[in-house]
Amino acid sequence: MSEPGLHRIWNFYPGPGALPLPVLRRIKAELLDYRGLGMSVMELSHRSAPAVALIADTLERLRRLLGLGDGHEVLLLQGGASLQFVMVPMNLAPAGGKVDYVDTGYWSAKAIAEARRLGCDVAIAGSDGPGHRRLPDTLTVRPDAAYLHLCSNNTVEGTQWRDLPQAAVPLVVDMSSDILSRRVDAAAIGCLYAHAQKTLGPAGVTVVALRRDLLARIPDGLPAMLDYRPHAEHGSNYNTPPIFAIYVVSCVLDWLETEVGGVAAMEALNRRKAELLYGALDKSSLFHCPVDPDSRSPMNAVFRLPSPELEQRFITEAAEAGLVGLAGHRSVGGCRASLYNPVPLQAVDDLVAFMRRFERRA
Ligand SMILES: *Cc1c(COP(=O)(O)O)cnc(C)c1O
């Protein structure tokens, strides 16, 4: 923002979300000549040694940052989180099998709908009730369920599980909007998945980490692209992978490790950003956050003003002031600020200052 001639605004969009400026600069610098090869990374054959090495390096970084050992297979797939809503029950539940889901809003409902469409016997282990103000305190999980599915951060509702629940059956977690934003015991998760476009990079690539013993459950006869095993056997290079998206993810992971200082440092920074914004919301007599403090998401802060007209005015005037992407999801309205990993503290500072000015004038 301080560089002459460079026009940048603060991006609070919920997804795709902001990318770190140093990463964008690096992409620009490497675009025409990727690491001395005389071509861009987009032009590389996916079977060439540099492409194979890039994919392997990205998987290795993910494994390191997630704290995963050999017990998990890590995959880079396409189709977004929405395809995982389908692949998870297809691969991990027997035909017509029992699967338990926690219903905490928009995205978990989509996952539930897909499991039902595939003929699974779906039970709701718990839900957050009307208004999505607080995540459930207790869950009822069937001991013979194939897995328990939940969404760790509810992007639309602005709720996040402080600690992931324990269950006697494998946990399947949609981490699309909070992967690597905080420390999580990923090794204890049966299957986690996250598309890249909220905290990891651009749309087009999806991370899946699957406990290796769960691969044995996969029924034979699935279409190859929808079966985790061919992707695992081919090092996430079964068909042509989205190499540019993977490259950007590798740059974001490198930034996270070397410039931010790892996931614990990222978590501390994310906590400061969240405290700053929620603190301002709680002090305000114009803005308010409807979510219970224990369930508030550091990634997506949902808030309201007294009327839809005032909310619209706030969103419009904020955008004019260079604070963009503050509208709530179309299904719920209101306002939402998404504070994913790449959003710097300065952006939140500026947002809070703008909110104070708006409140004085309103
Ligand atoms: C955005 C989002 C999705 C949808 O992801 P696609 O990649 O567009 O399919 C799924 N789950 C969560 C938690 C999300 O935030």
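Residues numbered from 1 in each chain as written. Predicted model: local features only at pLDDT ≥ 70, side-chain atom pairs only at ≥ 80, totals over all residues. Heavy atoms only, no water.

Considerations on the side chain of serine 250
Step number 1: Secondary-structure assignment places serine 250 in helix 6 (residues 243-260).
Step number 2: The class of serine 250 is buried, set by a relative accessible area of 4%.
Step number 3: Ignoring anything within four residues of it in the chain, the contact list for serine 250 reads Leu54, Thr58 and Arg61. (Helix = DSSP H or I, 4+ residues; strand = E, 2+ residues; numbered from the N terminus. Buried < 20%, exposed > 50% of the residue type's maximum accessible area, 1.4 Å probe, protein only. Contact = heavy atoms within 4.5 Å.)

Let's talk about helix 6
Step number 1: The end-to-end C-alpha separation of helix 6 is 24 Å, in line with the 26 Å expected for 18 residues at 1.5 Å each.
Step number 2: Here helix 6 lies mainly inside the structure; 13 of its 18 residues are buried.
Step number 3: Of the residues flanking the end of helix 6, it is glycine 261, one or two places downstream, whose phi is positive at about 105 degrees. (Expected span 1.5 Å × (residues − 1).)

Points about the packing of helix 1 (residues 21-30) against helix 6
Step number 1: Relative to each other, helix 1 and helix 6 sit at 130 degrees, their axes nearing to 10 Å. Our classification of the angle between helix 1 and helix 6 gives oblique. The handedness of the crossing between helix 1 and helix 6 comes out as right-handed. The segment helix 1 lies against helix 6, with Pro22, Val23, Arg26, Ile27 and Glu30 engaging Phe244, Tyr247, Val248, Cys251, Val252, Asp254, Trp255 and Glu259. (Axes fitted to C-alpha atoms, helices over the stretch in contact; angles between N-to-C directions. Parallel < 35°, antiparallel > 145°, perpendicular 65-115°, else oblique. Left-handed = near helix turned anticlockwise from the far one by under 90°.)

Quick word on the packing of helix 7 (residues 263-283) against helix 9 (residues 345-361)
Step number 1: In the contact formed by helix 7 and helix 9, the axes pass within 10 Å of each other and the chain directions differ by 5 degrees. Regarding the angle of helix 7 to helix 9, the classification is roughly parallel. Taken together, the residues of helix 9 that come into contact with helix 7 (itself represented by Leu269, Arg272, Lys273, Leu276, Leu277, Ala280 and Leu281) are Leu345, Val348, Asp349, Leu351, Val352 and Met355.
Step number 2: Grouping the constituent residues of the contact of helix 7 with helix 9 by class yields 10 nonpolar, no polar and three charged. (Nonpolar A, V, L, I, M, F, W, Y, C, P; charged D, E, K, R; others polar.)

Considering the packing of aromatic side chains
Step number 1: Going through the model one piece at a time under the given rule, you end up with 13 aromatic pairs.
Step number 2: Judged by centre distance (6.3 Å) and plane angle (50 degrees), the rings of phenylalanine 287 and phenylalanine 358 are tilted. Here phenylalanine 287, found in the loop between helix 7 and strand 11 (300-303), pairs with phenylalanine 358, found in helix 9; they are 71 residues apart in sequence, far enough to count as distant. Each of the two residues, phenylalanine 287 as well as phenylalanine 358, counts as buried.
Step number 3: Plain terms: the ring middles of phenylalanine 314 and phenylalanine 354 are 5.8 Å apart, the flat faces sit at 45 degrees to each other, and that makes the pair tilted. On the criterion of sequence distance, the pair formed by phenylalanine 314 in helix 8 (residues 308-320) and phenylalanine 354 in helix 9 is long-range, its members being 40 residues apart.
Step number 4: Residue classification places phenylalanine 314 among the buried positions, given a relative accessible area of 0%.
Step number 5: With a relative accessible area of 3%, phenylalanine 354 lands in the buried category.
Step number 6: Linked through ring pairs, Phe287, Phe303, Phe314, Phe354 and Phe358 together constitute an aromatic cluster. (Phe/Tyr/Trp six-rings, centres within 6.5 Å; stacked < 30°, edge-to-face > 60°.)

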